[in-house]
Amino acid sequence: MKFLVFLEHHEAVLQKDSLGVLGKAASLGGEVEAVLLGAGVEGLAADAGRYGATRVHLMDDALLAAPLPQPRVDALETLVGEQDFDAVLFAASVLSADVAAGLAARLDAGLNWDLTDLAVEDGKLVGKRPELGDSVYADVGWTSEPRLALIRSGTFEPAESAGTVEVEKFESRLQDFSLAATMLEQAHEESQGPSIEDADVVVAGGRGLGSPENFALVEELAKALGGAVAATRAVVDAGWYPYAAQVGQTGKTVSPKLYIACGISGAIQHKVGMQGSSVIVAINKDPNAPIFEYADFGVVGDLHEIVPKLTELVRQRKAA
Amino acid sequence: MKIAVCVKVVPDGQLRLDPQTKRLDRSGEATLNTFDVNAVEEALKLKEAGSDVEEVVIVSFGPERGLEAMRKALAMGADRVVLVSDEAAAGSDLVATSRVLGAALERESADLVLFGQQAGDSDGAVLWAAVADRLQRPLISQVAELSREDGKVHGKRQTEYGYDVLEAPLPAVIAVSDAINEPRYPSLKGIMGAKKKPQETLSLGDLGVDAGDAGEAGSRTEVYALGDPPARGDTVKLEDDGSAAEKIVQFLLEKKAL
């Protein structure tokens, strides 16, 4: 089987999840090639070689400088048209999801997303996809080539190997409509305040807090426990809390000894950022919230009553 | 200017998969996908802010009984709904759905096509990019702040690295995040008026889409089997009876997490 892995990069570093997918493809046997798209990114090809790619297809073009999906669909269409790949694999991200879905439409090729595993069974590629809040696991496949797959973030750990890589340049004519959207300001990671990634205890707040002022409840509990405060994408996007504290697919990935989720429904986007925590406690008023599927200890109730009480009990215990 | 909002009608309450078809069971009560309500709200806000927005049309693809759930968007203030419904279309995957929805949107030729952040039933969050490619229009996804000026839209959106600001000329496809607004509740007057607003149901034939290009025949993915999730440790879930805080402390002590 011949795989093509889409390499995502930010500020001259290959994204860890892309390298993890490379490693997974290599473990399945067959040929593992990668595609690198950007401006001034040729130096990253060697890194891909150290994580399982034997060949990197490179399109280095100023028009690919901004991490926008549509010109990448054009480039991939050209590459996939020139060379036969059985499967094109993407580590899920804001960018790669849009690239993969655009490519699916362009090629009329099947896309399976949110996969948490890949296997080759009887010469056939099979993906594992959790459904319904991860309560059911489906084995999924493709009826056309190339098979397109988006792998859930944080699924595969990169594995370093001593491989060498061949770089093959290619060109593609980018379509007008693909270049119509432009980037006015590009994100740079903020690094301020204490890091939630290093904390042993993380207390996180979501939309269920009701208002930004109520983050004080979460902060008090975190203080009592000697932990850090985290937030969900929804409340960060709403301006209730800074982005640096965000846990989830588009935020930080944390794995503390204790994670307390307050007013967090627990959508997949959040789960992938904290599922590695040793002990997960959830407080939410909605008994059907997905977070109860993976919390070790879940309380259905009003966090505005429970959290202050809990803070007080923790304080008493620490003082004793 | 015309705005089209793509919505999905999803099962209300507990979801289950039909073990026979391995598809989502859509036989029970249905509701408008929560995330799409944010897109409807944003369209209505744009209409209220700019005198050049003539119409907000709601477009969906799914079973015919979905019309009822779509009326919520009319009650909120949208002008019209178009539902593509055809027995041959059941079981459509991304490739097939984007083709059908793309055809319905071509017919509307809206200047702005809006999507919500994800489907609440399948957790799918990719359809807009496939549709934008079918329509050959610029795309901005995950938009948490949207503004318009001189035939262009600006979107501020969150990625793994912080916030980007993107610009696209109209016509364009925009997917909004659920943080973009707080959707309004339909007023009683809105609910009363919704039934009288135009509600159109189209078949694949009406759109010139071949039945073989939709449904399972037009799909490129399949489900082989459904199984149980990997086993996990014991979990506790209880309702607060006033003693939840004490019980949490007890649990943390047992786990040596305190």
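In short, a report on the structure.

### Describing the packing of helix α1 (residues 34-49) of chain B against helix α2 (residues 66-76) of chain B
All names here are of chain B. α2 packs onto α1 with a crossing angle of 25° between their chain directions and a minimal axis gap of 10 Å. By the angle between their axes, α1 is roughly parallel relative to α2. Pair α1 / α2 crosses with right-handed handedness. Facing Val37, Val40, Glu41 and Leu44 of α1, the residues of α2 in contact are Lys72, Ala73 and Met76. Of the residues that constitute the contact of α1 with α2, the class distribution is 5 nonpolar, no polar and 2 charged.

### Here we look at the environment of Glu33 of chain A
Residue and element names in this part refer to chain A. Within the fold, Glu33 resides in strand β4 (residues 31-38). For the pair Glu33 and Phe85, spaced 52 residues apart in sequence, the C-alpha separation works out to 9.2 Å. Apart from residues lying up to four places away in sequence, Glu33 is in contact with Lys2, Phe3, Leu4, Val5, Thr54, Arg55, His57, Gln83 and Phe85.

### Observations regarding the interface of chain A and chain B
Taken residue by residue, the interface counts 84 residues in chain A and 79 residues in chain B. In this structure, the connection of chain A to chain B is made through 5 salt bridges. Among the ionic pairs, Asp108 of chain A bridges to Arg134 of chain B, the shortest N-O distance being 3.1 Å. Among the elements that line the side of chain A that touches chain B, the one with the most residues is helix α4 (residues 94-107) of chain A, at 8 residues. Among the residues forming the side of chain A that touches chain B, the class breakdown is 46 nonpolar, 20 polar and 18 charged. Examined bridge by bridge, strand β18 (residues 297-300) of chain A and strand β13 (residues 236-239) of chain B share 4 bridges and lie parallel to one another. Looking at β13 of chain B, one finds that Phe297 of chain A is bridged to Val236 of chain B.

### Details of the pairing of strand β5 (residues 55-60) of chain A
All names here are of chain A. Where β4 meets β5, 6 bridges bridge the pair, whose relative direction is parallel. Looking at β5, one finds that Leu36 is bridged to Leu58. Judged from the 4 bridges that link them, β5 and strand β12 (residues 166-169) form a sheet pairing that is parallel. Note on β12: the bridge partner recorded for Leu58 is Lys169.

### Side note on the packing of α4 of chain A against helix α4 (residues 127-135) of chain B
At their nearest, the axes of α4 of chain A and α4 of chain B sit 7 Å apart, and the two run at 45° to each other. Considering the angle they form, α4 of chain A stands oblique to α4 of chain B. As α4 of chain A runs across α4 of chain B, the sense of the crossing is right-handed. Mapping the contact onto sequence places Asp98, Ala101, Gly102, Ala105 and Arg106 of chain A in α4 of chain A and Trp128, Ala129, Ala130, Asp133 and Arg134 of chain B in α4 of chain B. Classifying every residue of the contact of α4 of chain A with α4 of chain B by side-chain character gives 5 nonpolar, 1 polar and 4 charged.

### What about the pattern of salt bridges?
All names here are of chain B. Under the criterion given, the structure shown has 41 salt bridges over all chains. In this structure, Arg80 engages Glu55 in a salt bridge whose closest nitrogen and oxygen atoms are separated by 2.6 Å. In this pair, Arg80 is assigned in strand β5 (residues 80-84) and Glu55 in strand β4 (residues 55-61), connecting sequence segments 25 residues apart. On the basis of relative accessible area, Arg80 is assigned to the buried category, the value being 14%. When salt bridges that share partners are traced, they join Lys2, Glu55, Arg80, Arg107, Glu108 and Glu200 into one network.

### A short note on empty space enclosed by the protein
On inspection of all chains with the given rule, the structure shows 1 cavity of 30 Å³ or more. The calculated volume of the largest cavity comes to roughly 40 Å³. Every residue lining the largest cavity is listed: Pro69, Gln70, Val73, Asp98 and Gly102 of chain A together with Ala129, Ala132, Asp133 and Leu139 of chain B. Where the lining of the largest cavity is concerned, the elements lending two or more residues are α3 (69-82) and α4 of chain A together with α4 of chain B.

### Here's the deal with the sheet that holds strand β11 (residues 199-202) of chain B
The strand order β13(A)-β9(B)-β8(B)-β7(B)-β10(B)-β6(B)-β1(B)-β4(B)-β5(B)-β11(B) describes an open sheet built from 10 strands, whose pairing is mixed. Lying at the two open borders of the sheet, with one neighbouring strand each, are β13 (182-185) of chain A together with β11 of chain B. Within this sheet the neighbouring strands show an average axis-to-axis angle of 30°, counted without direction. In this sheet, strand β6 (residues 112-115) of chain B lies alongside strand β1 (residues 2-7) of chain B in parallel orientation, the contact comprising 3 bridges. Its bridge partner being in β6 of chain B, Val5 of chain B is matched across the sheet by Leu114 of chain B. Contacting β6, β7 (139-149) and β10 (172-176) of chain B, α4 of chain B crosses the sheet at an angle of about 65° to β7 of chain B.

### As for the packing of aromatic side chains
The tally for this structure, following the rule as stated, stands at 4 aromatic pairs over all chains. With a centroid separation of 6.0 Å and an interplanar angle of 70°, the aromatic rings of Tyr243 of chain A and Tyr163 of chain B are classed as edge-to-face. One end of the pair, Tyr243 of chain A, is in the loop between α6 (233-237) and β16 (258-262); the other, Tyr163 of chain B, is in strand β9 (residues 162-169), on a second chain. When the ring centre of Phe85 of chain A is taken as origin, the NZ or CZ atom of Lys2 of chain A, which lies over that ring, is 4.9 Å away. Between the NZ or CZ atom of Arg129 of chain A and the centre of the ring of Trp113 of chain A, over which it lies, the distance is 5.7 Å.

The rules behind each value
- Residues numbered from 1 in each chain as written.
- Chains lettered and ligands numbered in written order.
- Predicted model: local features only at pLDDT ≥ 70, side-chain atom pairs only at ≥ 80, totals over all residues.
- Heavy atoms only, no water.
- Axes fitted to C-alpha atoms, helices over the stretch in contact; angles between N-to-C directions.
- Helix = DSSP H or I, 4+ residues; strand = E, 2+ residues; numbered from the N terminus.
- Parallel < 35°, antiparallel > 145°, perpendicular 65-115°, else oblique.
- Left-handed = near helix turned anticlockwise from the far one by under 90°.
- Contact = heavy atoms within 4.5 Å.
- Nonpolar A, V, L, I, M, F, W, Y, C, P; charged D, E, K, R; others polar.
- Salt bridge = Lys/Arg side-chain N within 4 Å of Asp/Glu carboxyl O.
- Pairing = 2+ DSSP bridges.
- Buried < 20%, exposed > 50% of the residue type's maximum accessible area, 1.4 Å probe, protein only.
- 1 Å grid on protein atoms, 1.4 Å probe; cavity = no way out; pocket = protein on both sides within 12 Å on 5 of 7 lines; lining within 4 Å.
- Points joined across faces, edges and corners; volume = space filled by probe spheres on them.
- Phe/Tyr/Trp six-rings, centres within 6.5 Å; stacked < 30°, edge-to-face > 60°.
- Lys NZ or Arg CZ within 6 Å of the ring centre and 35° of its normal.

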